[in-house]
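Structural overview
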Amino acid sequence: MGKSKAVNSGGKKPMGRRMKEFVVDFGRQWELQSMILPGVVFMIIFCYIPIYGLTIAFKHYTVIDTLDSAPWVGLENFRIILEDKFFWESVVNTLAISFLKLGIGFVIPIILAIMIYEVSNKRFKRFVQTISYLPHFLSWIVLGGMLITWLSTTGLFNQILLWLGIISQPTNILLDPSKYWWIATLSDIWKEAGWGTILYLAVMATIDPTYYEAAKIDGASRLRQIWHITIPNMRMIISLNLILTISGLLGSNLDQTLVLMNSQNRSHAEVINSYVYRMGMTQGDFSYATAVGLGVSIVSVILLVVANKITSKLNDNQSVL
Amino acid sequence: MNTKTIRGDLDSRIFNAVNIFLLTIFTIIIILPLWNVVISSFTSGKALADGGFALWPKEFSLENYRAVFREDMIYNAFFISVAKTVVGVVTHVFFCAMVAYGLSKSYVRGRKLYMAMGVITMFFSGGMIPTYLLIKSLGLLNSFWVYIIPALLSFYDVIILMNFFRGVPSSLEESAKIDGLGDWRIFLYIFIPLSLPALATIALFNGVSQWNDFMTTKLYINDKSLYPLQMMLYEIIVQSQTKNMQNIGGSYVIETTTKGVQLATIVITTVPIVVIYPLLQRYFISGMMLGAVKG
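**Overview of the overall build of chain B**
Of regular secondary structure, chain B possesses 13 helices and 0 strands. Ordered by position in the sequence, the α and β elements of chain B form the string α-α-α-α-α-α-α-α-α-α-α-α-α. Classification of the 295 residues of chain B by burial places 51% in the buried group. Surface summary for chain B: the accessible area is close to 14,300 Å², and the carbon and sulfur share equals 67%.

So, in structure tokens, the structure goes:
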């Protein structure tokens, strides 16, 4: 250990000498290197080769081609995207669901975390946390199966709506395209709202309790304490989450879509991810599907940068990323 | 002064009452549907056909479970789910820990390059189609190993473990070196036993995602004998959906018999998660903290 530290100081030594030192050190560290190199090989195969594989977005790839034999077509695939009305339909659905999730789903975990934080009874607090984290660990297939039963003609929701007198005839709600955006959003919130509190609660646990004591002496109500102490202390983590959410606006939940989508609600259920899946895996148009995926990730990176710029302006020029 | 504190107390008490009331409603919204699924799975098909919301089976029956267990498919699917979760978790945790241990030594030659390569994989990926083409050319389509090999490494987990290993006092390692132990032995006999809490956290999360994963099957597996529970459930759901659509306005009978099977399969698929949930809960708070160290 000491030996390798000693030789690591050369910046001005000649190139050949440095190479030799590197080889000698490498040989001495063969045990450590033999732990890391399998990981490096793994990354080259399973991460970097697929990244190189993105080049098929600029090619016309068919099943009989290899990656290299397929002819280049430049931006042809991207030009087709612009005229593809099914693609734009999926963009509209993705954005609609993402904005609904952002508008409703973003604040709920914050409010919920504050409510849980304000509970003084330890056992009740733990009970609420235990229950609310549970849905996060259910798979979308399981939840999708549940939703299909709840939304069916004899299901829970129809029973409630009938009982409340809102409807007179039960219908299968999942077959109604106009309700799909809400189903996707609300089921996602149901699943993830509780789990979303966990980071906020971790941050709140670090707030100095003397702030609250001082506020209490000054006669601040509980709501005022939340507004003037808790929320300002969570500003950083809220901004960080907001940035990540905004950069994920074009991403969507493929598992959720594949379970809940059917031939009746497709016009409102197809999102970009499932469209890539359909074009690539079902229709076999690999080049086009890759182009769609690549285009969307580029826009997502741009969104990330823009969101980071805006939130850092709001946070007195401190960047959270 | 006096009146002020009394008013403050009253405010606070109202706040508490409202808070607890709202949180109770929230927990009911989470529990009730889950409970309803469990109850319905133990209800006879006839009672299910009548519909209605129940907190207790109207007509207790095991017929749904009998129907599920009559299929040979479920035993195989259960075996595949367990096998891919166990093998996947063990290999994933070992592989990540091995790489993380190597990278936790700051004097390792080439470390900067390795780290850069790893961090890039956290933000960029080839996406669905290029990955599919790779898996295909590796001959992993319709192979059990497609569940295991591509899931071996997650650089996020590597960073968590690397930070954990760095927190272990270096004196332990130095004295082992004096005793003549090599890095592999130090890693296997000293660091792995010391890091069990961190390894358990990673294992539990990885286990849940292996158990819940169905995309891998959907993308790479056609062979039904390699279907895990999640995929089997997915097939049942898709089938019953199609039947539902053919039956619009028709009889509810078909809808409800498949419904019973579907509910029972949902419960069977979820039971393992609920069983390890208390363990998970113990670890995920510490897991979040481990993750937060990286900043």
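**Remarks on the environment of Asn265 of chain A**
Residue and element names in this part refer to chain A. Following the sequence through the fold, Asn265 ends up in the loop between α14 (254-260) and α15 (266-269). On the basis of relative accessible area, Asn265 is assigned to the buried category, the value being 0%. Sequence separation between Asn265 and Gly194 is 71 residues; the distance between their C-alpha atoms is 28 Å. Setting aside its immediate chain neighbours within four residues, Asn265 contacts Leu174, Pro177, Tyr180 and Leu260. A polar side-chain atom of Asn265 sits 3.2 Å from the main-chain carbonyl oxygen of Leu260. From its side chain, Asn265 meets the backbone nitrogen of Asn262 in a polar contact 2.9 Å long.

**A short note on the state of the cysteines**
On inspection of all chains with the given rule, the structure shows 0 disulfides over all chains. The thiol sulfur of Cys47 of chain A is not disulfide-bonded, and the nearest other cysteine sulfur, from Cys96 of chain B, lies at 11 Å. Among the residues examined, Cys47 of chain A registers a relative accessible area of 18% and is labelled buried.

**Describing the environment of Val146 of chain B**
Considering the arrangement of structural elements, one finds Val146 of chain B in the loop between α6 (128-137) and α7 (155-166). With near-sequence residues (within four places) excluded, Val146 of chain B lies in contact with Ile135, Leu140, Thr216, Tyr220 and Ile221 of chain B.

**Some details on helix α8 (residues 140-151) of chain A**
Residue and element names in this part refer to chain A. Its 12 residues give α8 an end-to-end C-alpha distance of 15 Å, which sits within 8% of 16 Å, the value for a rise of 1.5 Å per residue. Within α8, 12 of the 12 residues are buried, leaving the element largely enclosed by the surrounding structure. Of the residues making up α8, those classed as buried are Trp140, Ile141, Val142, Leu143, Gly144, Gly145, Met146, Leu147, Ile148, Thr149, Trp150 and Leu151.

**Focus: the nonpolar core**
Core analysis: the biggest nonpolar cluster contains 170 residues, and Met146 and Tyr200 of chain A together with Leu103 and Leu161 of chain B have the highest contact counts within it. Per-element accounting of this core gives the leading share, 14 residues, to helix α4 (residues 72-103) of chain B. Excluding anything up to four places from it in sequence, Leu161 of chain B contacts Cys96, Ala97, Ala100, Ala198, Leu199 and Ile202 of chain B.

**What about the side chain of Thr27 of chain B?**
In this structure, Thr27 of chain B sits in helix α1 (residues 2-41). For Thr27 of chain B, a relative accessible area of 3% puts it in the buried group. Setting aside anything within four residues of it in sequence, one finds Thr27 of chain B in contact with Phe127, Val128 and Ile131 of chain A.

**Some points on the packing of α8 of chain A against helix α10 (residues 177-204) of chain A**
All names here are of chain A. The geometry of α8 relative to α10 is characterised by a closest axis approach of 12 Å and an angle of 125° between their N-to-C directions. The angle between the axes of α8 and α10 places the two elements in the oblique class. Two packed elements cross with a definite hand, and for α8 against α10 that hand is right-handed. On α10, the residues touching Trp140, Leu143, Leu147 and Leu151 of α8 are Ile183, Ser187, Asp188, Trp190 and Lys191.

**Topic: the interface of chain B and chain A**
By a widely used convention, the size of an interface equals the accessible area lost when the partners come together. Counting from both sides, the interface comprises 95 residues of chain B and, opposite them, 96 residues of chain A. Each partner contributes to the roughly 8,500 Å² buried at the junction of chain B and chain A, and carbon and sulfur atoms together form 76% of this total. Broken down residue by residue, the surface that chain B buries against chain A is led by Tyr107, Arg109 and Ile129 of chain B, which jointly contribute 9%. In this assembly, chain B and chain A are joined by 1 salt bridge. Our count for the chain B to chain A interface comes out at 20 residue pairs in polar contact (both at pLDDT 80 or more). For the side of chain B that touches chain A, the leading source of residues is α1 of chain B, giving 19 residues. The class makeup of the residues in the side of chain B that touches chain A is 60 nonpolar, 25 polar and 10 charged.

**What about the confidence of the model for chain A?**
Residue and element names in this part refer to chain A. Mean pLDDT for chain A: 87, with 95% of residues reaching 70 or above. Least confident of the elements in chain A is helix α1 (residues 2-7), whose mean pLDDT is 43; most confident is helix α3 (residues 30-53), at 95. Residue range residues 1-10 is modelled with pLDDT below 50. Its contacts to residues more than four positions away, or to other chains, number 11 contacts.

Basis of the calculations
- Residues numbered from 1 in each chain as written.
- Chains lettered and ligands numbered in written order.
- Predicted model: local features only at pLDDT ≥ 70, side-chain atom pairs only at ≥ 80, totals over all residues.
- Heavy atoms only, no water.
- Helix = DSSP H or I, 4+ residues; strand = E, 2+ residues; numbered from the N terminus.
- Buried < 20%, exposed > 50% of the residue type's maximum accessible area, 1.4 Å probe, protein only.
- Areas by Shrake-Rupley, 256 points an atom, 1.4 Å probe, with all protein chains shown as cover.
- Contact = heavy atoms within 4.5 Å.
- Polar contact = N/O pair within 3.5 Å; in protein donor to acceptor, adjacent residues only side chain to side chain.
- Disulfide = S-S within 2.5 Å.
- Expected span 1.5 Å × (residues − 1).
- Core = buried A, V, L, I, M, F, W, Y, C linked by side-chain atoms within 4.5 Å.
- Axes fitted to C-alpha atoms, helices over the stretch in contact; angles between N-to-C directions.
- Parallel < 35°, antiparallel > 145°, perpendicular 65-115°, else oblique.
- Left-handed = near helix turned anticlockwise from the far one by under 90°.
- Buried area = accessible area lost by both parts, 1.4 Å probe.
- Salt bridge = Lys/Arg side-chain N within 4 Å of Asp/Glu carboxyl O.
- Nonpolar A, V, L, I, M, F, W, Y, C, P; charged D, E, K, R; others polar.
- pLDDT = per-residue confidence, 0-100.

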